[in-house]
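One-letter residues, chain by chain:
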2 protein chains.
Amino acid sequence: MREIPYKIYLEENEMPTQWYNVRVDMKNKPAPLLNPTTHKPMTYEELRPVFCDELIRQELDDTTAYFDIPQEILEFYKMYRPSPLVRAYCLEKTLNTPAKIYYKFEGNNTSGSHKLNSAIAQAYYAKQQGLKGVTTETGAGQWGTALSMACAYLGLDCKVFMVKCSYEQKPFRREVMRTYGASVTPSPSEQTEVGRRILEAHPGTSGSLGCAISEAVETATHLDGYRYVLGSVLSQVLVHQTIIGLETHTAMKKYDIHPDIIIGCAGGGSNLGGLISPFMGEKLRGEADYRFIAVEPASCPSLTRGRYAYDYCDTGMVCPLAKMYTLGSGFIPSSSHAGGLRYHGMSSILSQLYDDKLMEAVSVEQTSVFKAAQQFARTEGILPAPESSHAIKVAMDEAIRCKETGEEKTILFGLTGTGYFDMFAYGKYNDGEMSDYIPTDAELEPGFAGLPKME
Amino acid sequence: MREIPYKIYLEENEMPTQWYNVRVDMKNKPAPLLNPTTHKPMTYEELRPVFCDELIRQELDDTTAYFDIPQEILEFYKMYRPSPLVRAYCLEKTLNTPAKIYYKFEGNNTSGSHKLNSAIAQAYYAKQQGLKGVTTETGAGQWGTALSMACAYLGLDCKVFMVKCSYEQKPFRREVMRTYGASVTPSPSEQTEVGRRILEAHPGTSGSLGCAISEAVETATHLDGYRYVLGSVLSQVLVHQTIIGLETHTAMKKYDIHPDIIIGCAGGGSNLGGLISPFMGEKLRGEADYRFIAVEPASCPSLTRGRYAYDYCDTGMVCPLAKMYTLGSGFIPSSSHAGGLRYHGMSSILSQLYDDKLMEAVSVEQTSVFKAAQQFARTEGILPAPESSHAIKVAMDEAIRCKETGEEKTILFGLTGTGYFDMFAYGKYNDGEMSDYIPTDAELEPGFAGLPKME
């Protein structure tokens, strides 16, 4: 057998040239998007004013197993991919665990995360369609940065609505996007009807992802030659993100490594879905078995405490309804919640897999997450994003469990990104001023009460 | 011949296991460090209160060609090395140049730069000597971050004196260091005698590197079990940084690539020295020829407008005298100068090579540097540090020259780091508020007047 290097980089000729569509292998397909007015499945034509044509095709397609990655996207991927699959030797040693820990590190690009994998795909299809530009929302800022980079590369205009509290707390994220030529507007803004409506109803609001989505969609549909693009949740995004899992799968097969447990953080689900898809495919086809664990923040627990129901994807209720594990589109995470993973819902694909008990989910509190992040930074050298640190925390927990039981399990987790723009939150942790927040059932109730009434 | 991949990563078994000491091949050796009082060459014993024993040996040794890299450092290097050697296809296409452009990218680690290469070496030797901790200074913050990471990994205490203006303008840099367990003190501080003296003489000063060095040295010599370490300028640091050049040299030989021009930014000189050393060795031994270009900011032009003389390395004049191209230890770059590369002097090794006309130097103005940085970011995807962007600017100039002459030159430059903590400066550029500053001869005069009088 080959000797396993510390970091596994695939060769260029081993790189995936297709994305994988896990829906093909799912017995229970994810429920379709519904028209918010008629509650009938959204058609290709109905989606065209909002989304790019080719992306709609990918969104609606649950029968094609593989999509060819266009040559221009493959070229762009070469700029920052393959990402390394790293054996966490130092962490294993520190934890004194018999477990073998691997992580797939997606942070070594300027967007600082895996988001670039889908950003370039979406920008590419927009460009192919002859569009002038795209609109989007961003919360923590990783998606907005990724899309700005992709648009700069292809010469597309990029309009980002950035959740206002993030716009104000993260001026440097905003500046990166501007460096890539994007326009960045704090949301809610006076630029859109939905923004003005929200500002009137909630003067002084610091915004939310759901609200920024509504503004971005409105802007796209009112401008000639623009479409709206989204960084997570949608099935098309999970498809693009399978580049993560496919690279990992190839690298592990090459060195004959079988992960017993695969762990990822879950906000909208794109990273987790992308990482696990090829492995889940094997499980669905009965070829192999794995444990999958989705990790979410205790303060925004859509899988562990949400309901599996059709819900609005945005605050302005202009998007299609999606069936997902959700806290209700009116749910807003506590302001003490740091970092991303603050979306009220979850990818339809992952929601279905979770409902079918093919995947587990756990929630973790943020001080424990930052503690794990700090330990990881000091031992493995990488300063992780708060989002990614949710996966680190649970990977460490599983490794410690192996120490107790003496099991030599192989643990794989997704390290989605770096925390360079999250030092405000790290500072709070360093100063001992970070708090935990777990909503009570009563506090979750208003969110559920806002779910659309379905026939 | 092998097909050249987009990014060249060496295999683990191709990685250098020794650092190279270019002084061995220099006909004119760098001038020795002098005792600031007696003006006699500093001895090993005289340096021991300040520096770690093994590092002094490396500093004084100009006859050993190669130093074995200790196993523990090789293990640490594996966490983030090899760094990729990248062919800048996209930039070439944008510039429409027949030149082939390569860059060695050192920014893919949490310190955000090449500084980690020497930080781990210095921390390792401190640990080997049984010390409790180390002290240092940091300006832009890359070195302080790197040293914090290395010390956290080895369990050493780390005390960083951070130039006050940087401490205040870059709270997030400070927070990264704290996350790695370092203590960070704004300099000048009340903690040291030299700090108090400077504060008395210049109340409200925002500090300088030379002043922070003095404070760090004083702290190290007054604390039991501590030594002072430095991130650039010293020959030992250049030796450690040859890991950059050795990897590059191996990768280029492997694919039969001959760089005609090798370009690096120069502050204290560690990155440039590390990159060019193996190639310079070939040139010194008459085995090959290359053009070497040091790039410095027009606002702090030590090579292009400095004097080759013995000078103080720090404001407090507690360090040994070094013979170098210098603007005088009293020189303080304009406050409009963004980013690093603000040291008044230059590595003795590079100074001697430059004086022997084995290397060229150019200075560039900062708005042109940020323009190049932005273009690079948009085409190559990496957001470069302002320091590194000096090299980008000149590499682009040379590539454009090739377009004019039709020459297919191969250009190699060092991309030392990322600009994630420099968004304040990028913001000024994005807002059109960045200015250029070139000191007049009269403005340089006071610095030169402060040079020590030598017999």
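Small disclaimer: the values here were computed from a predicted structure and weren't measured.

Reading guide: rules and limits
- Residues numbered from 1 in each chain as written.
- Chains lettered and ligands numbered in written order.
- Predicted model: local features only at pLDDT ≥ 70, side-chain atom pairs only at ≥ 80, totals over all residues.
- Heavy atoms only, no water.
- Helix = DSSP H or I, 4+ residues; strand = E, 2+ residues; numbered from the N terminus.
- Rg over C-alpha atoms; globule rule 2.2 N^0.38 Å.
- Buried < 20%, exposed > 50% of the residue type's maximum accessible area, 1.4 Å probe, protein only.
- Contact = heavy atoms within 4.5 Å.
- Salt bridge = Lys/Arg side-chain N within 4 Å of Asp/Glu carboxyl O.
- Least-squares fit on C-alpha atoms with pLDDT ≥ 70 in both.
- Domains from an automatic or database assignment.
- Buried area = accessible area lost by both parts, 1.4 Å probe.
- Polar contact = N/O pair within 3.5 Å; in protein donor to acceptor, adjacent residues only side chain to side chain.

Chemist: Even after reading the chapter, I still don't get the overall build of chain A, so can you show me in this structure?
Modeler: A tally of regular secondary structure across chain A gives 18 helices and 15 strands. Computed over C-alpha atoms, the radius of gyration of chain A comes to 20 Å, within 12% of the 23 Å expected from 2.2 N^0.38 for 455 residues, which places it in the range of a compact globule. With respect to the principal axes defined by its C-alpha atoms, chain A has extents near 60 × 50 × 45 Å. Per-residue burial for chain A yields a buried fraction of 66% across its 455 residues. Of the contacts formed within chain A by residues at least 6 apart in sequence, a portion of 76% connects residues at least 24 apart.

Chemist: Can you walk me through the pattern of salt bridges in this structure?
Modeler: Between side chains of opposite charge, pairing is possible as soon as their charged atoms come close. All names here are of chain A. Following the criterion strictly, the structure yields 50 salt bridges over all chains and no others. We note a salt bridge from R401 to E398, for which the minimum N-O separation is 3.1 Å. Separated by three residues within a single helix, R401 and E398 lie in helix α16 (residues 386–405), roughly one turn from each other. Overlapping salt bridges, with partners in common, bring together R81, K104, E106 and E247 in one network.

Chemist: Any chance you could explain the side chain of S270(B) here in plain terms?
Modeler: All names here are of chain B. Structurally, S270 can be placed in helix α12 (residues 270–284). Residue S270 is classed as buried on the basis of its relative accessible area of 2%. Other than its neighbours up to four places away in sequence, S270 contacts H114, K115, G231, S232, V237, L238 and Q241.

Chemist: Any chance you could explain the relation of the copies chain A and chain B here in plain terms?
Modeler: The two chain copies are connected by a rotation around an axis plus a translation along it. When chain A is fitted to chain B, the residual RMSD is 0.0 Å, and the transformation amounts to a turn of 180° plus an axial shift of 0.0 Å. Considering both components of the superposition, the chain copies are consistent with a two-fold axis. It is N108(A) whose C-alpha, among those of chain A, lies nearest the rotation axis, at 3.0 Å. A shared binding surface is used by both copies, with 100% of the interface residues of chain A retained as interface residues in chain B.

Chemist: Is there a simple way to explain the domain arrangement of chain A in this structure?
Modeler: For an interface, size is often stated in terms of accessible area lost upon the parts coming together. Residue and element names in this part refer to chain A. Its domain assignment divides chain A into domain 1 (8–14 + 70–112 + 234–449) and domain 2 (46–56 + 114–228). Placing the centre of domain 1 and that of domain 2 at their C-alpha centroids yields a distance of 23 Å. Listed by partner, the interface residues are 40 residues for domain 1 and 34 residues for domain 2. Considering only the side of domain 1, the residues that lose the most area to domain 2 are F76, S111 and F421, jointly responsible for 22% of the buried surface there.

Chemist: In this structure, what is going on with the environment of R307(A)? I would like to understand it.
Modeler: Residue and element names in this part refer to chain A. Counting through the fold element by element, R307 comes out in strand β12 (residues 307–312). With 17 residues separating them along the chain, R307 and Y290 place their C-alpha atoms 25 Å apart. Every residue in contact with R307, bar those within four places of it in the chain, is listed here: M324, Y325, T326, E445 and F448.

Chemist: Just to check I follow, could you spell out the interface of chain A and chain B for this structure?
Modeler: Chain A puts 41 residues into the contact, and the matching count from chain B is 42 residues. Summing the contributions of chain A and of chain B, the shared interface buries around 3,800 Å²; its carbon and sulfur component is 58%. When the area that chain A buries against chain B is broken down by residue, the three leading residues are T179(A), R378(A) and Y420(A), summing to 18%. Across the chain A-chain B interface, the total number found is two salt bridges. In this structure, R178(B) engages D431(A) in a salt bridge whose closest nitrogen and oxygen atoms are separated by 2.8 Å. Taken together, the links from chain A to chain B amount to 22 residue pairs in polar contact (both at pLDDT 80 or more). Broken down by secondary-structure element, the contributors of at least two residues to the side of chain A that touches chain B are α3 (71–80), α6 (142–154), α8 (171–179), α15 (366–380) and α17 (423–430) of chain A.

Chemist: Whenever I open this one, unusual backbone geometry confuses me. Can you help?
Modeler: Trans is the common state for peptide bonds, and a negative phi is the common state for residues other than glycine. All names here are of chain B. A cis amide bond, omega -5°, links R81 with the succeeding residue P82. Following the sequence through the fold, P82 ends up in the loop between α3 (71–80) and β4 (85–87). Here the amide bond leading from S187 into P188 is cis, since omega sits at 5°, within 30 degrees of zero. The residue K357 is not glycine, and still its phi comes out positive at about 60°. Mapped onto the elements, K357 comes out in the loop between α14 (348–355) and β14 (360–364). Taking the relative accessible area as the measure of exposure, K357 reaches 73% and is therefore exposed.

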